[in-house]
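A structural walkthrough
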Amino acid sequence: MALTAVSPDEARRLLEHELQRSEYAGAHVTWWDRASQGFFDWLSSIRLDGLGSPAVGNTLLWIAGIVLVAVVVLVVVARGLPRRRARSAASDDRGVFDPDDLRSARDLGVAAAAAYRAGDWDGAVLDGFRALARGLGERDLVPDLPGATARAIADRASRPFPTAAGRLEHAAATFDAVRYLGSPADQTAASRVLETERAIRAARPARADEPAVPA
């Protein structure tokens, strides 16, 4: 299959059109962007009538076409679909509390109970686990550090409450499923989280040899 020769200006236009596609929206300018832009600026400055040979001009057009294809492929590989990368980065931030959530364990417990009575199972799960986590922090058992994940809190809480390790792990998994995976909770799941919060609040912690600081 013969390759159709394109002019430098046309090659540049095709690349710019490719990079305007929606999947590249939000990508940051990289060294590759600057390098490719510089190359096409140089390529556009070339005038075939100054080279003195039609054969040389045709060769350059072939090279421009090949470089265009290579640049498009490399841009896709280098950028790796920016929006997907952004979603991946966001998925790594799985903290239990929002930065502006300063409610006490009592306030969170009241909110969770109200959500449960209203049939808001998701709200009951989220505020129920937050009440559990904040309560552990207020008792100086597991500090509710910014960015601490549900699983990390549950793992650390199992040290002062070893007999509740399984329930803590299940409550953390339910919290993550609702908040980060978009899985709706049902009444049973909400009840289990609230029961775990009440049980931990009423339990006496075992003696720990070291502070339980979430990772």
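Let us look at the structure shown here. (Residues numbered from 1 in each chain as written. Predicted model: local features only at pLDDT ≥ 70, side-chain atom pairs only at ≥ 80, totals over all residues. Heavy atoms only, no water.)

Things to note about the side chain of Asp176
- Along the chain, Asp176 turns up in helix α8 (residues 165-179).
- Non-local contacts of Asp176, meaning those with residues more than four positions away in its chain, are made with Ala150, Arg151 and Leu181. (Helix = DSSP H or I, 4+ residues; strand = E, 2+ residues; numbered from the N terminus. Contact = heavy atoms within 4.5 Å.)

Some thoughts on the packing of aromatic side chains
- Taken as a whole and assessed by the stated rule, the structure comprises two aromatic pairs.
- Their ring planes at 65 degrees and their centres at 5.2 Å tell us that Tyr116 and Trp121 sit as a pair that is edge-to-face.
- Residue classification places Trp121 among the partly exposed residues on the basis of a relative accessible area of 24%.
- Between Phe129 and Phe175, the ring centres sit 5.3 Å apart and the planes meet at 40 degrees, which makes this aromatic pair tilted. Here Phe129, found in helix α6 (residues 121-138), pairs with Phe175, found in helix α8; they are 46 residues apart in sequence, far enough to count as distant. Of the two residues examined, Phe129 and Phe175, each falls in the buried class.
- The ring of Phe97 has Arg134 sitting right over it, with the charged end atom 4.0 Å from the ring centre. (Phe/Tyr/Trp six-rings, centres within 6.5 Å; stacked < 30°, edge-to-face > 60°. Buried < 20%, exposed > 50% of the residue type's maximum accessible area, 1.4 Å probe, protein only. Lys NZ or Arg CZ within 6 Å of the ring centre and 35° of its normal.)

Things to note about helix α7 (residues 150-157)
- With six of its eight residues buried, α7 lies for the most part within the structure.
- For α7, the set of buried residues is Ala150, Ala152, Ile153, Ala154, Arg156 and Ala157.
- Packed against the buried residues of α7 are α6 and α8.

Concerning helix α5 (residues 105-117)
- Counted at 1.5 Å a residue, the expected span for α5 with its 13 residues is 18 Å, and the 18 Å between its end C-alpha atoms agrees.
- Listed as buried for α5 are Ala105, Leu108, Ala112 and Ala115. Buried residues of α5 fall within an arc of 90 degrees about the axis and therefore sit on the same side. Summarising the geometry of α5, the exposed residues directed more than 90 degrees from the buried face are Arg106 and Arg117.
- A positive backbone phi angle near 80 degrees is found at Gly119, which sits one or two residues after α5. (Expected span 1.5 Å × (residues − 1). Arc of directions from axis to C-beta.)

Comments concerning the pattern of salt bridges
- Tallied over the entire structure, the rule returns six salt bridges.
- The partner of Asp101 in a salt bridge is Arg103, with the nearest N and O atoms 3.0 Å apart.
- According to the relative accessible area criterion, Arg103 is partly exposed, its value standing at 29%.
- A salt bridge links Glu197 to Arg201; the shortest N-O distance between them is 3.0 Å. Of this pair, Glu197 and Arg201 both sit in helix α9 (residues 187-202), four residues apart, roughly one helical turn. (Salt bridge = Lys/Arg side-chain N within 4 Å of Asp/Glu carboxyl O.)

Describing the nonpolar core
- Counting 33 residues, the largest nonpolar core has Val96, Phe129, Leu136, Ile153, Leu168 and Ile200 as its most contacted members.
- Setting aside chain neighbours within four positions, we find Val96 in contact with Phe129, Arg130, Ala148, Thr149, Ala150, Ile153, Phe175 and Arg179. (Core = buried A, V, L, I, M, F, W, Y, C linked by side-chain atoms within 4.5 Å.)

Describing the side chain of Ser158
- Counting through the fold element by element, Ser158 comes out in the loop between α7 and α8.
- Taking relative accessible area as the criterion, Ser158 reaches 18% and is therefore assigned buried.
- Separated by 2.5 Å, the side chain of Ser158 and the backbone oxygen of Asp155 make a polar contact.
- Contacts of Ser158, omitting those with residues within four sequence positions, involve Ala165 and Leu168. (Polar contact = N/O pair within 3.5 Å; in protein donor to acceptor, adjacent residues only side chain to side chain.)

Topic: the packing of α8 against α9
- It is at 10 Å that the axes of α8 and α9 come closest, and there the two elements cross at 135 degrees. With respect to α9, the element α8 is oriented oblique. Considering the relative orientation of α8 and α9, their crossing is left-handed. Each of Arg167, Leu168, His170, Ala171 and Thr174 in α8 lies in contact with α9, whose residues at this interface are Ala189, Arg192, Val193, Glu195, Thr196, Ala199 and Ile200.
- Its residues assigned to classes, the contact of α8 with α9 shows six nonpolar, three polar and three charged. (Axes fitted to C-alpha atoms, helices over the stretch in contact; angles between N-to-C directions. Parallel < 35°, antiparallel > 145°, perpendicular 65-115°, else oblique. Left-handed = near helix turned anticlockwise from the far one by under 90°. Nonpolar A, V, L, I, M, F, W, Y, C, P; charged D, E, K, R; others polar.)

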